[in-house]
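A look at the structure
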Amino acid sequence: MKKKFTKKDLKDFKKIVLKRKEEVLDDLRHISDDTLRKSQKEASGDISGYTYHMADVATDNYDREFSLGLASNERKTIYELDDALKRIEDGTFGICDDCKGTITKIRLKAVPSARLCIKCQQKREKK
Ligand SMILES: [Zn+2]
């Protein structure tokens with residue numbers, strides 16, 4: 001049972017996906033700004049007064065790894081959103097990967113990059 005979305009539905013979904021992507025890109029910009037600023041501060045080599053304790057270094061490293069981890073999450077989201085856009089274009093958007101049924105509009109509006117219907121998602125999570 002395949003119920004196709006109307007052109008208007010797809011247009012709406014496209015808008016949601018693009019808006020989401022814009023938000024994530026914005027977040028990503030903030031994260032890289034932050035990381036960049038920290039690197040520049042360190043690169044300026046201000047070690048006068050020997051404030052360069054091991055503890056500080058460890059915290060800085062942790063911060064940066066955290067930011068980078070976050071950034072890779074955001075990148076993954078962007079990749080998934082791009083994928084959703086592709087599927088909107090080729091007409092496979094909203095079709096469940098597992099049962100080939102139609103994913104509900106409500107679910108797609110909340111998670112536009114969803115590739116599984118709620119039933120199949122729950123089945124996978126149980127495994
Ligand atoms: Zn399914």
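Every value quoted in this text rests on a predicted model; they were computed, and no experiment measured them.

About the cut-offs
- Residues numbered from 1 in each chain as written.
- Predicted model: local features only at pLDDT ≥ 70, side-chain atom pairs only at ≥ 80, totals over all residues.
- Heavy atoms only, no water.
- Helix = DSSP H or I, 4+ residues; strand = E, 2+ residues; numbered from the N terminus.
- Buried < 20%, exposed > 50% of the residue type's maximum accessible area, 1.4 Å probe, protein only.
- Contact = heavy atoms within 4.5 Å.
- Areas by Shrake-Rupley, 256 points an atom, 1.4 Å probe, with all protein chains shown as cover.
- pLDDT = per-residue confidence, 0-100.
- Salt bridge = Lys/Arg side-chain N within 4 Å of Asp/Glu carboxyl O.
- Core = buried A, V, L, I, M, F, W, Y, C linked by side-chain atoms within 4.5 Å.
- Donors = N, O, S within 2.8 Å, 3.2 Å for Na, K, Ca; no water.
- Tetrahedral: all angles 85-135°; square planar, octahedral: opposite > 155°, others 65-115°.
- Phe/Tyr/Trp six-rings, centres within 6.5 Å; stacked < 30°, edge-to-face > 60°.

Here we look at the overall build of the protein chain
- When its secondary structure is counted, the protein chain shows 4 helices and 0 strands.
- Listing the helices and strands of the protein chain from first to last along the sequence gives α-α-α-α.
- Scored against the burial criterion, the 127 residues of the protein chain give a buried share of 25%.
- Across the protein chain, every contact between residues at least 6 apart in sequence was considered, and the portion connecting residues at least 24 apart equals 64%.
- Just so you have it, the protein chain exposes about 9,700 Å², and 57% of that area is on carbon and sulfur atoms.

Quick notes on the confidence of the model for the protein chain
- On average, residues of the protein chain score 84 in pLDDT, and 79% of them are at 70 or above.
- Mean pLDDT per element in the protein chain: helix H2 (residues 54-90) is the minimum at 81, and helix H4 (residues 118-126) is the maximum at 95.

Considerations on the pattern of salt bridges
- In the structure shown here, the tally under the stated rule is 13 salt bridges.
- Two residues, Lys 14 and Glu 89, come together in a salt bridge whose shortest N-O distance is 3.0 Å. In this pair, Lys 14 sits in helix H1 (residues 7-43) while Glu 89 sits in helix H2, placing the two residues 75 residues apart along the sequence.
- With a relative accessible area of 32%, Lys 14 lands in the partly exposed category.
- Since its relative accessible area comes to 56%, Glu 89 is described here as exposed.

Some remarks on the nonpolar core
- Membership of the largest hydrophobic core comes to 20 residues, with the highest contact counts inside it found for Phe 13, Val 17, Ile 88, Phe 93, Cys 96 and Leu 108.
- Going through the elements one at a time, H1 and H2 are the ones with two or more residues in this core.
- The element contributing the most residues to this core is H2, with 6 residues.

Looking at the side chain of Arg 87
- Structurally, Arg 87 is set in helix H2.
- Note on Arg 87: relative accessible area 7%, which makes it buried.
- The residues contacting Arg 87, other than those within four sequence positions of it, are Glu 80, Thr 92, Phe 93, Ser 113, Ala 114 and Arg 115.

Quick word on the coordination of the zinc ion
- Looking at the zinc ion, the protein donor atoms are Cys 96 (SG), Cys 99 (SG), Cys 117 (SG) and Cys 120 (SG), and they sit 2.2 to 2.3 Å from it.
- Around the zinc ion sit 4 donor atoms; with metal-centred angles ranging over 105 to 116°, the donor geometry is tetrahedral.
- Within one chain, the residues serving as donors to the zinc ion are arranged as C-x2-C-x17-C-x2-C. Remark: Cys 120 occurs in helix H4 and Cys 99 occurs in the loop between H2 and helix H3 (105-110); sequence separation between them is 21 residues.

Concerning the packing of aromatic side chains
- Tallied over the entire structure, the rule returns 3 aromatic pairs.
- Measuring from centroid to centroid gives 6.5 Å for Phe 5 and Phe 93, while their planes differ by 50°, and the two rings are tilted. Here Phe 93 lies in the loop between H2 and H3 and Phe 5 lies in the segment before H1, a separation of 88 residues in the sequence.
- For Phe 93, a relative accessible area of 3% puts it in the buried group.
- Centroid distance Phe 13 to Phe 93: 5.0 Å. Interplanar angle 50°. Geometry classified as tilted. Here Phe 13, found in helix H1, pairs with Phe 93, found in the loop between H2 and H3; they are 80 residues apart in sequence, far enough to count as distant. Take Phe 13 and Phe 93: they sit in the same class, and that class is buried.
- One aromatic cluster is present, formed by Phe 5, Phe 13 and Phe 93 through successive ring pairs.

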